[in-house]
Amino acid sequence: RLNNTINKNSIEFSPIYLNDSTLLYGSLRTDTALFVVHNNDGKAAEMPYRHFYVAKKDKNDWKFANEWLEGDFNKDAVHSGNGAFSPNKKHFYFTRCEQNWRYQIICKIYVSQNVNNQWSEPVELPEEINMKKYSSTQPAVGTDSKTGCEVLYFVSNRPDGKGGMDIWYSIFQCKTQTWQA
């Protein structure tokens, strides 16, 4: 168990090693019990959002360092988390979740590219992955052994699944630069 500079009473999730002494993770970063309260206009009251944070290793102990500032991954009033790097570390896939007009949380997967050690503005993946009205989250990335193209595994509540959140995948078509449906 990591110390209380990292672990709070709320949720910490999806840790990823950036290197031997740096850990990227998602967190709400609060010790306060949270209740969703709606204002008279029906909108959610001010509340904390899940974002990406960094922990650094100091001798044998991990300690909270700061919010992850390398790219534009954390966005005000939007939950961000569940990140995954492509095997070559040139793409970072992650989830952003927002509440819709029905007060449902809908998550979508985004990708950012590392070009000359700079992360590009995140782009929402197309409908082959992010179907309207359904959540897609928990990205994991591999490589197709025949083509060398990326394979994105994700969880979604889209139609034609077995029920609830199911595991899906889409293969990036290197020649056409599109995702397989």
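Remember, predicted model here, so these are calculated numbers, not experimental data.

Q: Help me out: how do you make sense of the side chain of Ser 135 in this one?
A: Counting through the fold element by element, Ser 135 comes out in the loop between β9 (123-124) and β10 (136-143). Within polar-contact distance, the side chain of Ser 135 engages the backbone nitrogen of Cys 107 at 3.0 Å.

Q: Quick question: what am I supposed to make of the sheet that holds strand β1 (residues 12-19) here?
A: Sheets are built from strands paired through backbone hydrogen bonds, the pairs being either parallel or antiparallel. The antiparallel open sheet is built from four strands, whose spatial order is β1-β2-β3-β4. On the outer flanks of this sheet lie β1 and β4 (61-67), each paired with one strand and no other. Strand-to-strand twist of the sheet, defined as the mean angle between neighbouring strand axes without regard to direction, takes the value 30 degrees.

Q: How should the pairing of strand β5 (residues 79-85) be read in this particular structure?
A: On a regular strand, one side chain projects to one face of the sheet and the next to the other, so that they alternate. Across the seven residues that make up β5, a large majority, seven, are buried. Pairing analysis gives five bridges linking β5 to strand β6 (residues 91-99), with the strands arranged antiparallel. Considered in β6, the bridge of Gly 81 is made with Thr 95. Counted along the chain from β5 to the antiparallel partner β6, the turn is five residues long, and its residue Lys 89 has a positive phi close to 65 degrees.

Q: Looking at this structure, how should I read the state of the cysteines?
A: Each disulfide is one covalent bond, formed between the sulfur atoms of two cysteines. For the structure on display, the rule yields two disulfides. The disulfide partner of Cys 149 is Cys 174, and the gap between their sulfur atoms is 1.9 Å. Linking Cys 149 in the loop between β10 and β11 (150-156) with Cys 174 in the loop between β12 (166-173) and β13 (178-179), this pair joins segments that are 25 residues apart in sequence. In the protein, the bonded cysteines, taken in the order they occur along the sequence, pair up as 1-2, 3-4.

Q: Looking at this structure, I do not really get the packing of aromatic side chains. What am I missing?
A: What characterises a pair of aromatic rings is the spacing of the ring centres plus the angle enclosed by the ring planes. Across all of its chains, the model carries 20 aromatic pairs by this definition. The interplanar angle of 75 degrees and the centroid separation of 5.2 Å between the aromatic rings of Trp 68 and Phe 92 together place this pair among those described as edge-to-face. One end of the pair, Trp 68, is in the loop between β4 and β5; the other, Phe 92, is in strand β6, with 24 residues separating them in the sequence. For Trp 68, a relative accessible area of 3% gives the class buried. Since its relative accessible area comes to 0%, Phe 92 is described here as buried.

Q: I keep staring at unusual backbone geometry and nothing clicks. Help me out?
A: Glycine aside, the phi torsion of most residues is negative, and most peptide linkages are trans. Phi at Tyr 103 is positive, roughly 65 degrees, even though this residue is not glycine. Given a relative accessible area of 42%, Tyr 103 falls into the partly exposed group. Phi angles above zero are rare outside glycine, and Asn 117 is one such case at about 60 degrees.

Q: Honestly, the sheet that holds β10 in this entry has me stumped. Any pointers?
A: Judged by pairing direction, the sheet is antiparallel, and its four strands sit side by side in the order β10-β11-β12-β13 without closing on themselves. A single partner strand is all that each edge strand has here, and the edge strands are β10 and β13. One ladder, built from two bridges, connects β12 with β13; its direction is antiparallel. Looking across to β13, one finds that Gln 173 is bridged to Thr 178.

Criteria and thresholds
- Residues numbered from 1 in each chain as written.
- Predicted model: local features only at pLDDT ≥ 70, side-chain atom pairs only at ≥ 80, totals over all residues.
- Heavy atoms only, no water.
- Helix = DSSP H or I, 4+ residues; strand = E, 2+ residues; numbered from the N terminus.
- Polar contact = N/O pair within 3.5 Å; in protein donor to acceptor, adjacent residues only side chain to side chain.
- Pairing = 2+ DSSP bridges.
- Axes fitted to C-alpha atoms, helices over the stretch in contact; angles between N-to-C directions.
- Buried < 20%, exposed > 50% of the residue type's maximum accessible area, 1.4 Å probe, protein only.
- Disulfide = S-S within 2.5 Å.
- Phe/Tyr/Trp six-rings, centres within 6.5 Å; stacked < 30°, edge-to-face > 60°.

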